[in-house]
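Chain by chain, the residues:
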Amino acid sequence: MLDKYDTGFETAPAAKEFNLKELIFKYLRYLPLVVVCILLALVLAFIKIRYETPIYNVSGSLFINKQTKSGGGGGESLEDMFLFSNNVNLKNELEILKSRPLVQRVVKNLDLQISYFNKGKVRSSNIYGSAPVALEIITLKDSSRSFAFEIEATDKQFKFQHTNGHFEYNKIFENNVGIFRLKRLSDRSFNAFSSNVFIISYSPLARATTALASSISTAQTIDQATILDISIETDNIPYGKDVINELMKEYGKMNVEDKRQISRVTMQFIDERLDTIKNELGDVESGLLRFREKNNVIDLGTQSQLYYDNFAESNKQLVTQQVQIGVVDYLLQYLNDPSNQYKIVPTDLGIQESTLLPLLSQYNALQLQRNNLVQTTGPSNTALLTVNATLAKLREQIQEALKNVKEAYKITANKMQEQISRSQSGIKTVPSKAKGLLDIERQQKIKQDLYLFLLQKREEAAISAAATVASSSPLEEASASGAPVKPNKKSIYLLALFAGILVPAAIAALIELLKDKILEREEVIKQTQAPIIGEIGHAEDETLVVKAGSRTVVAEQFRIMRTNVQYLINKIARPVILITSSVSGEGKSFVATNYGAAMALTGKKTVVLEFDIRKPRLLKGLDMQATKGLSNFIIGKATLEDILQPVAEFPGLYVIGCGPVPPNPSELLLDKQVGKLFEELKSRFEFIIIDTAPVGLVSDAFTLSTFADASLYIVRQGYTLKRQLSLVEDVYQQKRLPNMGLVINDIKTQGRYKGYYGYGGGSYYGYGYGYGYAQAGDYFEVNKRTSRNWWYKWIKKR
């Protein structure tokens, strides 16, 4: 038995080891594909870089001055009251710089709704700032609709593309979108452009604003600094510079306008209060005049000086409290007025309550924030609704705080009034006229002081509005990057190189993944421990390649196999060799015939039995016919002499056909006549070869294995599936076939195989059992049809 001897044949290693050299050589044949893909990718990258519009980065810096004061003697108090410039939120300023109201100003100032392009052969170029013509819009039928003109222009006239009519410059023309005038800019020449075809496009204000706002980037590069960087990526450097510079300019203007708006609101409030106090003061003075005229009172001071010293001090304090109560009343009236619901509340009016001032400052800050949101968002915006709710809550808190302050002032005033009453009780000698006069003068004093106070604050507000300056200034005017930021040559070339390597690598991996047939000797060795007895190269359509005097490669391979088989049969005198495979079409009949011929050439009388009863092809391949065969002998209808046929021009080699195909081949092989057949053959022949059916389809080979001394299992390169090697290993490990060895058939010297043979070819013989496997004849027909296709040959070699 085979397992008792050291055959010296190569078997599967105990464990699968990674072989870097094998992996390199496995994929090395794809190197031309990789080189071609890399070159193609680099060419495409060059074309992209050559014809893509270059994009430049234009940037500028804006300095935010937190210490800016509005000017004037009272400017500091007004700034603390309204502007809060010492508490600038730079994150808010970053968003304001990109806000639609501010960007819309830039669009209008620079007339960015109209764009000019020069049409080239590959791409169109933005010619902002250098266009030789300018479009004036007189009337638009629909201002919310975008449109574009494509014109051919010369120095004296122009025409629309694909039309024949010509138009003169500076004259009105009309089309389906509106009425226009195209002006010729005489200081700009057409010679500076690649063609005389120009594209003039118009975008609605909202769309142009949105497009520009989305292209602007703002950032605070230094956390502790108040410097903001503004940048834009554009294909036209003058366009980018103008946008950045105009944006910084308009930001400063808007900042000044906000401050002046605060001053105007303050002056409006003060003017309203001054009118009221003026009227009240006039009434008091008229009453005083009537009192003096009626009572003939000129000067009671000298008479009542001693009585009124204490009374005057208390009265002074009472006046102070009443002034503060009056201010509180005015503020409550202002807050309760619905028309002032979203207006700023004056804070620096003499009220120094520590609990009230923070609420007023927070309330005014939210009013400014709300004004910004109203300009940038809609009424249903969540942020605006949140600010409105917060304002309402703060308004209630301020009103409550004012009421508390008023109550405190009233308590103090009551105490002062009690002191005055006590002082009055001591003035018994002072005429009632003096007392009435004093009451009227006190009323006059209160109104007069309040009037002067408000007049002073109005002047401060006027000075603040006149001296208002922007809290920002351009630190660096807009400048462009020296080289384009897009396309990035380095990134594109690296990406192209990466794609040029990755794509062919993926193709190669996919090709290798889809190869489910045995292509390499190592694949057989790694998946089964069965020894490889022979390796048979590809033979064309010739069936019998082993002949006397033949020195072809395939003939020599059969001679080598003949020697190797001796290790399987050892010293058995008249051995029986069974030849099978996994499926049909792997070349069993071809190997059986030529192996028998190789044995016959050594002088041994050899017979080949066609036991593939279901689909016999052995005799047909030798161009031999027989009416009787093995099935006739088994059922007792023929003798051995009747079925035995010699092979022409090959002494010592005989074949026995299968005979008529029986309805029950498997049961027929269990007949006792089969054993008698082998007894008679062993008495007459020195070497018996059984060509049997595939083990992967039927059980005939296992039935006949009881009569065999050794087995040859045929594996065909490029035909046998890799998963079928598990069947080979199972048969070998379970010893279901005696002394089994492998024969790799149909090997070509081309391709990737390392060693004695290469891959890709076809054997003449095959089977068709209806199990889904192609017959050998069919295989050759396909091979012949496709062999003329160069791509098929290229793939097949791999």
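All residue numbers here refer to positions counted from 1 along the written sequence of the relevant chain. Only residues with pLDDT of at least 70 get local features here, since the model is predicted, and only at 80 or more are side-chain atom pairs given and counted; chain-wide, interface and lining totals rely on the full set of residues. Computation of side-chain values covers all heavy atoms of the structure but excludes hydrogens and water.

As a further point, take helix 2 (residues 31-51). Think of it this way: any DSSP run of H or I at least four residues long counts as a helix, any run of E at least two long counts as a strand, and we number them from the N terminus. Take the residue count of a helix, subtract one, and multiply by 1.5 Å to get its expected span. If you check helix 2, its first and last C-alpha atoms are 30 Å apart, about what 21 residues at 1.5 Å a residue would give, namely 30 Å. By definition, residues are in contact when any of their heavy atoms lie within 4.5 Å. In the core, the buried residues of helix 2 are packed alongside helix 12 (489-514).

Whether two aromatic rings pair depends on their centres lying within 6.5 Å, for rings of Phe, Tyr and Trp, where Trp uses its six-membered ring; planes under 30 degrees apart make the pair stacked, over 60 edge-to-face, and the rest tilted. Taken as a whole and judged by the stated rule, the model has 23 aromatic pairs. Aromatic side chains Phe-158 and Tyr-169 sit 5.5 Å apart centroid to centroid with 35° between the ring planes, which places their arrangement in the tilted category. Here Tyr-169 lies in the loop between strand 7 (166-168) and strand 8 (172-174) and Phe-158 lies in strand 6 (residues 157-160), a separation of 11 residues in the sequence. Following the ring pairs from residue to residue traces out a cluster consisting of Phe-147, Phe-149, Phe-158, Phe-160, Phe-167, Tyr-169, Phe-173, Phe-180 and Tyr-202. Across the ring face of Phe-685, the terminal group of Lys-605 is positioned such that the distance to the ring centre comes to 5.0 Å. A ring has a charge above it when a Lys NZ or an Arg CZ is no more than 6 Å from the ring centre and no more than 35 degrees off the ring normal. Just above the ring of Phe-702 sits the side chain of Arg-736; from NZ or CZ to the centre is 4.1 Å.

Moving on, we get to the nonpolar core. The term nonpolar core refers to a set of buried residues drawn from Ala, Val, Leu, Ile, Met, Phe, Trp, Tyr and Cys, joined through side-chain atoms within 4.5 Å. Buried means the residue's accessible area, taken with a 1.4 Å probe over protein chains only, is under 20% of the maximum for its type, while exposed means over 50%, and partly exposed covers the values in between. Core analysis: the biggest nonpolar cluster contains 44 residues, and Leu-609, Phe-611, Ile-656, Leu-681 and Leu-742 have the highest contact counts within it. What Ile-656 contacts, discounting residues up to four positions off in sequence, is Val-607, Val-608, Leu-609, Glu-610, Leu-630, Leu-640, Ile-643, Leu-644 and Leu-681. Core analysis: the next-biggest nonpolar cluster, separate from the first, contains 38 residues, Val-565, Ala-600, Phe-650 and Phe-687 among them.

Another aspect to go through is the pattern of salt bridges. Should a side-chain nitrogen of Lys or Arg be within 4 Å of a carboxyl oxygen of Asp or Glu, the pair is scored as a salt bridge. Evaluated as defined, the whole model comprises 22 salt bridges. For the salt bridge of Lys-406 with Asp-329, the shortest nitrogen-to-oxygen distance reads 2.7 Å. In this pair, Lys-406 sits in helix 10 (residues 382-425) while Asp-329 sits in helix 8 (residues 301-336), placing the two residues 77 residues apart along the sequence.

Think of it this way: DSSP has to see at least two bridges between two strands before they count as a pair. Here we have 6 strands laid out as an open sheet, ordered 3-2-10-5-6-7, and antiparallel in their pairing. The open sheet is flanked by strand 3 (124-126) and strand 7, the only strands paired with a single partner. Strand-to-strand twist across the sheet, computed as the mean angle between neighbouring axes with direction ignored, equals 35°. Across 5 bridges, strand 2 (residues 114-119) lies against strand 10 (residues 197-202) in antiparallel orientation. Within strand 10, the residue paired with Asn-118 across the bridge is Phe-198. Simply put, an axis is a line fit to the C-alpha atoms, just over the touching stretch for a helix, and the angle between two N-to-C directions goes from 0 to 180 degrees.

A surface patch of nonpolar side chains, about 1,100 Å² in accessible area, is lined by Leu-40, Leu-42, Val-43, Leu-44, Phe-46, Ile-47, Tyr-51, Val-122, Tyr-493, Leu-494, Leu-497 and Ile-501. Among the elements that take part in the nonpolar patch, helix 2 stands out by supplying 7 residues, more than any other. Its location among the elements puts Ile-47 in helix 2. A residue counts toward a patch only above 30% relative accessible area and without a salt bridge, and it is joined to like-charged neighbours within 9 Å or, for Val, Leu, Ile, Met, Phe, Trp and Tyr, to nonpolar neighbours within 5 Å. Per-residue and other accessible areas were derived by the Shrake-Rupley procedure at a 1.4 Å probe size, with only the shown protein chains allowed to occlude residues.

One can find Asn-388 in helix 10. With near-sequence residues (within four places) excluded, Asn-388 lies in contact with Tyr-342 and Arg-370.

Right, let's get into the pairing of strand 1 (residues 56-64). Where strand 1 lies against strand 12 (residues 227-234), 8 bridges are found, and the strand directions are antiparallel. Bridge pairing links Phe-63 to Ile-227 in strand 12. Of the pairings in the sheet, the one linking strand 1 to strand 13 (residues 472-480) comprises 6 bridges and is antiparallel in character. Bridge pairing links Ser-61 to Glu-476 in strand 13.

None of this, on its own, says anything about what the molecule does.
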